[in-house]
Amino acid sequence: MNKLMTLIAAAVSLAGASVASTTTVNAGAVLDKVLETKTLTVAVGTDWGTMSFLNDKHELDGFDIDVVKGIAEHLGMQAKFVTPSWDVIVAGKWQGRWDLAMGQMTPTKPRAEKFDFVTYFYSRSIAVVHKDSKATKLSDLDGKVVGATAGSVDEQYSNHALAPNWIGAQPVEYQFTPGEVKAYESGDIMNQDLRLGDGVRLDAIVMTQESFPKMIASGYPFRQLGEPLFASPAAIAILRGDKEFSEKIAAAVKSMKDDGALSKISIKWYEGVDYSTVK
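Remember, predicted model here, so these are calculated numbers, not experimental data.

Draft legend 1. Just the overall build of the protein chain, in detail. Tallying secondary structure elements over the protein chain gives 9 helices and 10 strands in all. Over its C-alpha atoms the protein chain spans a radius of gyration of 23 Å, topping by over 25% the 19 Å that the globule rule assigns to 279 residues. In terms of overall dimensions, the protein chain has C-alpha extents of about 85 × 55 × 30 Å along its principal axes. Expressed as a percentage of contacts within the protein chain between residues at least 6 apart in sequence, the contacts between residues at least 24 apart total 73%. Summing over all exposed atoms, the protein chain offers an accessible surface of approximately 14,600 Å²; the carbon and sulfur share of this is 53%. Positive and negative side-chain charges of the protein chain, numbering 29 and 34 respectively, have mean locations separated by a distance of 3 Å.

As structure tokens, this is what we get:
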């Protein structure tokens, strides 16, 4: 029996050594690959609005594209872009086809089981009213009819049901209590309803601040009411398992924050607003 137990113990020890050896070999594998090829392969979208889109030359352009180029420059390599669907990205089954993903992913705790995150953007939600509205402060929306996109954090906020599940989330302060919240499947229809006039169908809408300047530029007779309601972080996603690579990306983004490069890219793409900080 003692001899048998000795053999079993030896086998377990050998297996453990094998696992440890595999882990050591794989540690830094992504970083080794990108350093060897001098290429950073990044997943982006072709129709993600200001984040990334195809310009008139049918080339990828946008905020995320410039951020990636800045990271690649910091690492001394070139950026290569691939365009998988968002559901494939968040599923985490990348199989080595790209090294990191853009798209301003909200770094939730469940997602952190699959990904390392590097925050590079803060999305802010605001209350918007018709220019003819008599509201001068957020509390003036108490008892009013407020619209929001169905299933969004904006709808959850309007219904006082927002439970932030992103990493480092702070409790949300509700600054008004609507009498009714209208959920819209289409943001365009919601905007058109407010455009009809103050109180015709809506008294206000809750939306992302970064989308607001283009709305004004398009001729919508709206104005922002008060300061942003809350901010949620948006991050670069990296598959867990290569701490050294994640740290390199984090260092590159920190460098871009410290020298103002990230702020300049945000100001360039988001109508003069710096979304690289929480405020």
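Draft legend 2. The layout of surface pockets, seen in detail. Space inside the largest pocket adds up to approximately 510 Å³. What lines the largest pocket is a set of 18 residues, among which Met51, Gln104, Ser123, Thr208 and Glu210 lie closest to the centre. Looking at the lining of the largest pocket, the elements with two or more residues in it are strand 6 (115-130), helix 5 (153-158) and strand 10 (222-239). Looking at which element gives the most residues to the lining of the largest pocket, the answer is strand 10, with 3 residues. If you go around the second largest pocket, you meet 16 residues; those closest to its centre are Gln170, Phe230, Ala231, Val278 and Lys279.

Draft legend 3. Up close: the packing of aromatic side chains. A complete count under the given rule lists 15 aromatic pairs for this structure. Geometrically, the ring pair formed by Phe63 and Phe121 is edge-to-face, given 5.4 Å between the ring centres and 65° between the ring planes. With Phe63 in helix 3 (residues 63-75) and Phe121 in strand 6, this pair connects stretches of sequence that are 58 residues apart. Aromatic pair Tyr157 and Phe230: ring centres 5.4 Å apart, planes at 25°, arrangement stacked. Within this pair, whereas Tyr157 is found in helix 5, its partner Phe230 is found in strand 10, the two being separated by 73 residues in sequence.

Draft legend 4. Up close: the packing of helix 3 against helix 9 (residues 261-269). Viewed as axis vectors pointing N to C, helix 3 and helix 9 meet at an angle of 160°, and their least axial separation amounts to 10 Å. In this view, helix 3 runs roughly antiparallel relative to helix 9, as classed from their interaxial angle. Seen from above, helix 3 lies across helix 9 with right-handed handedness. Side by side, helix 3 and helix 9 meet where Phe63, Asp66 and Val67 of the first sit next to Leu262, Ile265, Ser266, Lys268 and Trp269 of the second.

Draft legend 5. Broad picture of the environment of Val34. Tracing the backbone shows Val34 in helix 2 (residues 29-37). Separated by 10 residues in sequence, Val34 and Val44 place their C-alpha atoms 18 Å apart. Discounting chain neighbours no more than four positions away, the residues touching Val34 are Thr39, Leu40, Met77, Asp99 and Phe245.

Draft legend 6. Inspection of the side chain of Ser125 at higher detail. Mapped onto the elements of the fold, Ser125 is located in strand 6. Within the structure, the side chain of Ser125 is placed 2.5 Å from the side chain of Asp154, a separation counted as a polar contact. In contact with Ser125, other than residues within four places in its own chain, are Asp154, Val206, Met207, Thr208, Gln209, Pro228, Leu229 and Phe230.

Draft legend 7. Looking closely at helix 6 (residues 187-195). Turning to helix 6, its buried residues are Met190, Asn191, Asp193 and Leu194. When helix 6 is viewed along its axis, its buried side chains cluster within an angular range of 155° and face the same direction. Turned more than 90 degrees away from the buried face of helix 6, the exposed residues are Asp188 and Ile189. Tucked into the core, helix 6 has its buried residues touching strand 6, strand 7 (145-149), strand 8 (180-184), strand 9 (204-208), helix 7 (212-217) and strand 10. Measuring from the backbone nitrogen of Asp188 back to the side-chain oxygen at the start of helix 6 gives 3.3 Å, which picks out Ser186 as the cap. Among the residues trailing helix 6, Gly197 stands out with phi positive, at a value near 135°.

Draft legend 8. Region of interest: the confidence of the model for the protein chain. A residue-level look at the protein chain finds 90% of positions with pLDDT of 70 or above and a mean pLDDT of 89. Under a pLDDT of 50 for its full length, residues 1-27 has, in the predicted model, 0 contacts with residues more than four places off or in other chains.

Quick notes on the rules
Residues numbered from 1 in each chain as written. Predicted model: local features only at pLDDT ≥ 70, side-chain atom pairs only at ≥ 80, totals over all residues. Heavy atoms only, no water. Helix = DSSP H or I, 4+ residues; strand = E, 2+ residues; numbered from the N terminus. Rg over C-alpha atoms; globule rule 2.2 N^0.38 Å. Contact = heavy atoms within 4.5 Å. Areas by Shrake-Rupley, 256 points an atom, 1.4 Å probe, with all protein chains shown as cover. Lys, Arg positive; Asp, Glu negative; His and termini not counted. Charge placed at Lys NZ, Arg CZ, Asp CG, Glu CD. 1 Å grid on protein atoms, 1.4 Å probe; cavity = no way out; pocket = protein on both sides within 12 Å on 5 of 7 lines; lining within 4 Å. Points joined across faces, edges and corners; volume = space filled by probe spheres on them. Phe/Tyr/Trp six-rings, centres within 6.5 Å; stacked < 30°, edge-to-face > 60°. Axes fitted to C-alpha atoms, helices over the stretch in contact; angles between N-to-C directions. Parallel < 35°, antiparallel > 145°, perpendicular 65-115°, else oblique. Left-handed = near helix turned anticlockwise from the far one by under 90°. Polar contact = N/O pair within 3.5 Å; in protein donor to acceptor, adjacent residues only side chain to side chain. Buried < 20%, exposed > 50% of the residue type's maximum accessible area, 1.4 Å probe, protein only. Arc of directions from axis to C-beta. pLDDT = per-residue confidence, 0-100.

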